[in-house]
Amino acid sequence: MNFNLTEEHLMIRDAARDFARNELLPGVIERDEKQKFPTEQVKKMGELGFLGMMVDPKYGGGGMDTISYVLAIEELSKIDASASVIMSVNNSLVCWGIETFGTEAQKEKYLKRLATGEIIGAFCLSEPEAGSDATMQRTTAKDKGDYYLLNGTKNWITNGNTASVYLVIAQTHPEKKHRGINALIVEKGMDGFVVGPKENKLGIRGSDTHSLQFNDVKVPKENRIGEDGFGFTFAMKTLAGGRIGIASQALGIASGAYELALKYSQQRKAFGREISKHQAIAFKLADMATEIEAARFLCLKAAFDKDTKQDYSLSGAMAKLYAAEMAMRITVEAVQIHGGYGYVKEYHVERLMRDAKITQIYEGTSEIQKIVISRGVLGK
Ligand SMILES: Cc1cc2nc3c(=O)[nH]c(=O)nc-3n(C[C@H](O)[C@H](O)[C@H](O)COP(=O)(O)OP(=O)(O)OC[C@H]3O[C@@H](n4cnc5c(N)ncnc54)[C@H](O)[C@@H]3O)c2cc1C
């Protein structure tokens, strides 16, 4: 066993840290307040290779491992979790999904542009009445010979308006239940595809979350991913990897808040000494540092399992569950350590606290992670 990161890993982590401090920090408060998508920053993320980190270089990606990806997401999330969710969806859901299960033609047509950040993608599973229970797909993809006729509504789609390519999960054979579901690649601009209004969110407000409507959209057959009926398995396999990205996002939000709280506690004085010298605050910092380290190891273990071709569904769910719950606890404590200053925007920790909440909800709520984990430990 070796706990040391390689030189390459350290370089990637440092590059992500520099990018976050130099490019994401300026304007992050304003983007949050105004719900402004980080257009320029995402463009630079593409140029630096953050949008297709694990994709094979022959398709324009960085050819890196999942450990590098965890390190980069943590660094970006310390500063701007809106930027990191855009990165996570593009890398681990859209690029990974097409690279792993797509045809050569799909990779040529879509993956190259997605991996370089020329365009970004969205992953469309959730519906008004199908969230945790994703088998209840009401969006239909009727088989019309050489195309599918797509009808229905998707909810809460990250990159909903900014994406150019959408992986849409829809029911083709209702009688076969989840085995009748397909995954289709839909392009923005196809006739009948309408982007709904932007959601006004509690956190990750720089990311754009929209509902989508499909009204008789004709999707060519060659845009189906995998065999007929593979869509539900596709979604579950893709989300299993996506959870490593969201776990790392939660880890980054927590470590960003912790770093701010640590620094503040060494500057702020009360009762004649720095507040870090009061044991109640010092113990908070000790607990925070310990929990963050535990989450980091869970994230890296899940990434290691994926990189070494072992089953990562259990370790990924554990990492996401623990990191998300931990991020919520740590960000609340970071606000507490800042006292009244923690309650205003200039000190960043209130934003991190709002951003942390989403990590307990998307890509499977904490309750759903417990279902996955309990099935794993019970061998079901
Ligand atoms: C900002 C944001 C971005 C998102 N981005 C995307 C995206 O890009 N693509 C996409 O497809 N979706 C996306 N989602 C949707 C997200 O994945 C769902 O909101 C999530 O899966 C929960 O589904 P739901 O909201 O329908 O809640 P529900 O499934 O209705 O759950 C409500 C509550 O019941 C609990 N619950 C449900 N079933 C059980 C059970 N069996 N046992 C115990 N508790 C249970 C849940 O844990 C939750 O606490 C996003 C959501 C948000 C808010």
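Residues numbered from 1 in each chain as written. Predicted model: local features only at pLDDT ≥ 70, side-chain atom pairs only at ≥ 80, totals over all residues. Heavy atoms only, no water.

Visitor: How should I be thinking about the overall build of the protein in this particular structure?
Guide: A count of helical and extended segments in the protein gives eleven helices and nine strands. Relative to the compact-globule value of 21 Å for 380 residues, the protein shows a C-alpha radius of gyration of 21 Å, a close match. In terms of its C-alpha atoms, the protein occupies a principal-axis envelope of roughly 80 × 45 × 40 Å. Split into buried and exposed, the 380 residues of the protein put 54% on the buried side. Restricting the contact set of the protein to residue pairs at least 6 apart, pairs at least 24 apart contribute 73%. Surface summary for the protein: the accessible area is close to 16800 Å², and the carbon and sulfur share equals 54%. (Helix = DSSP H or I, 4+ residues; strand = E, 2+ residues; numbered from the N terminus. Rg over C-alpha atoms; globule rule 2.2 N^0.38 Å. Buried < 20%, exposed > 50% of the residue type's maximum accessible area, 1.4 Å probe, protein only. Contact = heavy atoms within 4.5 Å. Areas by Shrake-Rupley, 256 points an atom, 1.4 Å probe, with all protein chains shown as cover.)

Visitor: Sorry if this is basic, but what is going on with empty space enclosed by the protein here?
Guide: Over the atoms rolls a probe the size of a water molecule, and in doing so it shows where empty space is left. The final tally for this structure, using the stated rule, is two cavities of 30 Å³ or more. Of the pockets and cavities examined, the largest cavity occupies roughly 60 Å³. Together, Val28, Arg31, Asp32, Asp80, Ser82, Ile204, Arg205, Gly206, Arg351 and Asp355 line the largest cavity. At the level of secondary structure, the elements contributing two or more residues to the lining of the largest cavity comprise α2 (28-34) and α10 (349-358). (1 Å grid on protein atoms, 1.4 Å probe; cavity = no way out; pocket = protein on both sides within 12 Å on 5 of 7 lines; lining within 4 Å. Points joined across faces, edges and corners; volume = space filled by probe spheres on them.)

Visitor: Can you help me understand the site of the ligand in this one?
Guide: Taken together, 19 residues sit near the ligand, with Ser126, Ser132, Trp156, Thr365 and Glu367 positioned nearest. Contact distances for the ligand include 2.8 Å between a nitrogen atom and a side-chain N or O atom of Thr158. When the ligand sits alone it has 970 Å² of accessible area, and the protein chains cover 64% of it. Taking a 2 Å distance to the grid points as the criterion, the majority of the atoms of the ligand fall inside the largest pocket. Elements with a contribution of two residues or more to the shell around the ligand: β1 (121-124), β3 (147-158) and α11 (366-378). Among the elements that make up the shell around the ligand, the one with the highest residue count is β3 (three residues). For the shell around the ligand, the class distribution of residues is ten nonpolar, six polar and three charged. (Near = heavy atom within 4 Å. Polar contact = N/O pair within 3.5 Å; in protein donor to acceptor, adjacent residues only side chain to side chain. Sits in = over half its atoms within 2 Å of the grid points. Nonpolar A, V, L, I, M, F, W, Y, C, P; charged D, E, K, R; others polar.)

Visitor: When you look at the layout of surface pockets in this model, what are you seeing that I'm missing?
Guide: By volume, the largest pocket is sized at about 1500 Å³. Among the elements of the structure, α5 (81-101), β3, α7 (231-267), α9 (313-337), α10 and α11 are those that each provide at least two residues to the lining of the largest pocket. At seven residues, the largest contribution of residues to the lining of the largest pocket is made by α7. Partitioned by chemical class, the residues of the lining of the largest pocket number 24 nonpolar, 14 polar and ten charged. Quantified by volume, the second largest pocket comes out at close to 550 Å³. What lines the second largest pocket is a set of 20 residues, among which Asn2, Phe3, Ile67, Phe297 and Leu300 lie closest to the centre. Of all the secondary-structure elements, those providing two or more residues to the lining of the second largest pocket are α1 (7-24), α4 (66-79) and α8 (279-307).

Visitor: For this particular structure, what's the right way to read unusual backbone geometry?
Guide: The general pattern is negative phi for most residues beyond glycine and trans for most peptide bonds. Located in the positive-phi region is Asn159, a residue other than glycine, with phi close to 65°. Non-glycine residue Ile204 carries a positive phi angle of around 30°. Among the structural elements, Ile204 can be located in the loop between β6 (193-198) and β7 (209-220). On the accessibility criterion, Ile204 (3% relative accessible area) is buried.

Visitor: I'm lost on the environment of Ala294 in this one. Help?
Guide: Considering the arrangement of structural elements, one finds Ala294 in helix α8. On a C-alpha basis, the gap between Ala294 and Met326 in space is 9.5 Å, while along the polypeptide they are 32 residues apart.

Visitor: How should the environment of Thr331 be read in this particular structure?
Guide: When you line up the elements, Thr331 lands in helix α9. Residue classification places Thr331 among the buried residues on the basis of a relative accessible area of 0%. Through-space distance from the C-alpha of Thr331 to that of Ala170 is 37 Å; in sequence the pair is 161 residues apart. For Thr331, the residues in contact, after removing those within four places along its chain, are Ile253, Ala257, Leu352, Met353 and Ala356.

Visitor: Any chance you could explain the pairing of strand β2 (residues 140-143) here in plain terms?
Guide: Residues in a regular strand project their side chains so that they alternate between the two faces of the sheet. In this structure, β2 lies alongside β3, joined through four bridges in antiparallel fashion. Looking across to β3, one finds that Lys142 is bridged to Leu149. (Pairing = 2+ DSSP bridges.)

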